[in-house]
Amino acid sequence: MDRARKLGLIGALLTAFSPIVYSIDPVAILDPNSPILNEVYKDEVPVSGKVIAGVGMSGLAVNGELALFPKAESSLGFACVQVMSRDGRYWAENTFVLPEIDLGDRVQVSYPSKYNDLLNEYDADDLAILSYSGRCEKKKVNNFMVTTRQKLVDKSRALIVYVNSSRADTYIRVMNDPLKKVTKKCRKITEGRRTGYDTICRVDMSERTPAVNPVKLGIYRRKFNKSLKPVQFLVVLPELNS
Amino acid sequence: MTTPVMKGGLKRVLGIFSRGGFLRKEWLLLLMVILIMSLVFYPREKIFTIDVSTEVVSFRISDPKYSEWDISGASLQKHFFEETEKATLLPDDSHLEPSKGVTVQLQRHGVSTIYIKLTCDAGSVGRIDTGDGKYIELGEWALISIIGEVKPKLFPFRGTLDIGDDVTVGIDSILLGGSVSIVEEKLLTNGHYIAGKETLNPGDRVQLWKSQKPVSKRAEDGSCINSKTLNVVEEQREMSDVDGFVRTEPANNYFGPVNALNLVAHGKADYAEVNRFGSAGYEIKVLPLTRFVNDPILAILLGVVTALLLLLELVSKIQSFNDSKNKGDDIHD
């Protein structure tokens, strides 16, 4: 084979594989200041008192196991990622450095967990991921970004909020979208251990996305004759073209 | 010393087990082991009995007629979002008629108010017969509070059961203590025996399960619709239906105050799942091999087979002794 034909073949191969090369998402890596993943997996469960355990979205395409949808303004900044299993056995909180991102970019998270095999066994509803801009030391947060996992890809498109309701009856309400300002009952998990969180709220996104971004959500809980303090927070939605 | 008739009979018996005989010892032994093992592993009916004291219990009603309750004098709230809703005082002879599939949660701390919460994802949780020919129709959510009851109350039910709660932040009602017993069917008879008993610790959460995958079913007309009823959630196993009752004692009981809710329930199940704080939890089940110890019929059968094997061994030894004696006689002749 002469030199020209060899070069032509290499060129053809590169052209054939180019969509794959270009479809690789920018990757967030662990903060170099704390390069070892801060994670725990044990039966003596760590317990979190936070009402919102995770915010995710199903039905989005994703490369790798875990992805975030940060705002373009967060480019080259930090993102805190908290991961908690429904049974409370796995818990992690780590700061990641975001890559350079454009509007609507999906960021793949490099998550070097020594429990990856165990994490992959958790079903779609059994692992909650909560992420927000900034370092994890940030105390008061009510503005979250959407996360997703490989196991949520095949589900219908919906915004999912994982709630530690204290076993109260729970409802979710979209506060700032007039067309979607409906109150929806959340599903209480009844099976198995619920130390991490016990309720899953879904806001359907299959037909249309809310007209506003970020979307303001309210979680309302009632425990027998007593209403618990409502929790309101913002979620930055990804640019959903497909 | 043996008579000729006895000698002939013994020879015939020995002949059965001889090398050319139609029942060789090895085959008989194998047959008996297979018989015993198949009797040990043959599935049997197991009834789980739960006897606990708890502050919280939930059940999903599968038979509404079996689960009607007297709620005379209780107060009713029907609206989830209206905490300040003025409660309706129910007249005497009021009865709760729950819908099929409704999730009922009972809660009580000490001897204080008894709360009965009824929830559905969609549809109606049921209605209240006020005893005067009128009904109060209920929506997706209802809270019935029984305050200052002066006599004991009994709440029977048929449905799936979830006792206690996982210990975590924000939980104030837990299982206080009790036990799970497993009663198993005796071999070849209608009798039963206690195959095991486990003590439950405060803070445990208990559910009864069947091993097989649930069959898909649709909600019936007029029933309370929830994700479980519609099988929206894919499940690998199905909770067992149990019959049971909750008894509550008044604060001024003759024997002094009796805490919280006392629950007794019986039902067929394959295992009980116990979630325990600070551990991976465990399952309560009967292992087939423990039937050797617990089932008297199987123990007797095993004894008989062992005696038979000993007899076979004895016969075999007599036979080899006779053979060697005959050989000795032939050499002398």
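Heads up: the structure comes first, above all this text.
Values in this document were obtained by computation on a predicted structure and should not be read as measured data.

Each value, and the rule that gives it
Residues numbered from 1 in each chain as written. Chains lettered and ligands numbered in written order. Predicted model: local features only at pLDDT ≥ 70, side-chain atom pairs only at ≥ 80, totals over all residues. Heavy atoms only, no water. Helix = DSSP H or I, 4+ residues; strand = E, 2+ residues; numbered from the N terminus. Contact = heavy atoms within 4.5 Å. Areas by Shrake-Rupley, 256 points an atom, 1.4 Å probe, with all protein chains shown as cover. Buried area = accessible area lost by both parts, 1.4 Å probe. Salt bridge = Lys/Arg side-chain N within 4 Å of Asp/Glu carboxyl O. Polar contact = N/O pair within 3.5 Å; in protein donor to acceptor, adjacent residues only side chain to side chain. 1 Å grid on protein atoms, 1.4 Å probe; cavity = no way out; pocket = protein on both sides within 12 Å on 5 of 7 lines; lining within 4 Å. Points joined across faces, edges and corners; volume = space filled by probe spheres on them. Nonpolar A, V, L, I, M, F, W, Y, C, P; charged D, E, K, R; others polar. Buried < 20%, exposed > 50% of the residue type's maximum accessible area, 1.4 Å probe, protein only. Pairing = 2+ DSSP bridges. Disulfide = S-S within 2.5 Å.

Enquirer: Could you give me a rundown of the overall build of chain B, with the residues and numbers involved?
Expert: A tally of regular secondary structure across chain B gives 4 helices and 20 strands. Considering only contacts within chain B whose residues lie at least 6 apart along the sequence, 72% involve residues at least 24 apart. Working note: accessible area of chain B is about 17800 Å², and carbon and sulfur atoms make up 60% of it.

Enquirer: Talk me through the interface of chain B and chain A; I want residue IDs and the actual numbers.
Expert: Taken together, the contact pairs 40 residues of chain B with 30 residues of chain A. Across the chain B to chain A interface the summed buried area is about 3000 Å²; carbon plus sulfur atoms make up 49%. For the pair chain B and chain A, the interface holds 7 salt bridges. Measuring nitrogen to oxygen at the nearest pair gives 3.9 Å for the salt bridge that ties B:Asp121 to A:Lys185. Inspection of the chain B/chain A interface yields 15 residue pairs in polar contact (both at pLDDT 80 or more). Elements with a minimum of two residues in the side of chain B that touches chain A: β7 (103-107), β8 (114-119), β11 (141-146), β15 (205-210) and β19 (271-275) of chain B.

Enquirer: Lay out empty space enclosed by the protein with the relevant residues and their values.
Expert: Under the counting rule described, the total for this entry stands at 4 cavities of 30 Å³ or more. When its volume is computed, the largest cavity comes out at roughly 530 Å³. Taken together, 32 residues form the lining of the largest cavity, with A:Lys188, A:Thr190, B:Ser58, B:Thr103 and B:Thr119 sitting closest to its centre. Every element with two or more residues in the lining of the largest cavity is listed here: β11 (169-174) and β13 (187-188) of chain A together with β2 (56-61), β7, β8 and β12 (153-163) of chain B. Among the elements that line the lining of the largest cavity, the one with the most residues is β2(B), at 4 residues. The residue inventory of the lining of the largest cavity, partitioned by class, reads 8 nonpolar, 12 polar and 12 charged.

Enquirer: Tell me about the pairing of β2(B), and name the residues and values.
Expert: Residue and element names in this part refer to chain B. Burial analysis of β2 places 5 of its 6 residues in the buried class, which makes it a mostly covered element. Two elements, β2 and β7, share 5 bridges in a ladder whose sense is antiparallel. Following the sheet pairing, Arg60 is matched in β7 by Thr103. As judged from the 5 bridges shared by β2 and β12, these two strands associate in the antiparallel manner. Note that in β12 the partner of Arg60 across the bridge is Thr160.

Enquirer: Go over unusual backbone geometry, please, and point to the residues and values.
Expert: Residues and elements named next belong to chain A. Across the junction of Asn213 and Pro214, the peptide omega takes the value 10°, indicating a cis bond. Following the sequence through the fold, Pro214 ends up in the loop between β14 (199-204) and β15 (215-223). Even without glycine at this site, Leu76 takes up a positive phi of about 60°. In this structure, Arg167 is a non-glycine residue whose phi angle is positive, near 65°. Residue position: Arg167 is located in the loop between β10 (158-163) and β11. Residue Arg167 is classed as buried on the basis of its relative accessible area, which comes to 5%.

Enquirer: Give a description of the state of the cysteines that names residues and reports values.
Expert: Residues and elements named next belong to chain A. Summed over the entire model, instances satisfying the criterion amount to 2 disulfides over all chains. With a sulfur-sulfur separation of 2.1 Å, Cys186 is cross-linked through a disulfide to Cys201. On the sign convention where negative means left-handed, the S-S torsion of about 105° between Cys186 and Cys201 marks this disulfide as right-handed. Remark: Cys201 occurs in strand β14 and Cys186 occurs in the loop between β12 (183-185) and β13; sequence separation between them is 15 residues. Each member of the pair, Cys186 together with Cys201, is buried.

Enquirer: Run through the pattern of salt bridges, naming residues and quoting values.
Expert: In this structure the tally under the stated criterion is 28 salt bridges over all chains. B:Lys285 is the partner of B:Glu283 in a salt bridge, and the nearest nitrogen-oxygen pair spans 3.3 Å. Given the relative accessible area of 43%, B:Lys285 is considered partly exposed. In the salt-bridge network here, residues are joined through shared partners; they are A:Arg167, A:Arg194, A:Asp198, B:Asp162, B:Asp165, B:Asp166 and B:Arg205.

Nothing here speaks to function; it is all geometry.
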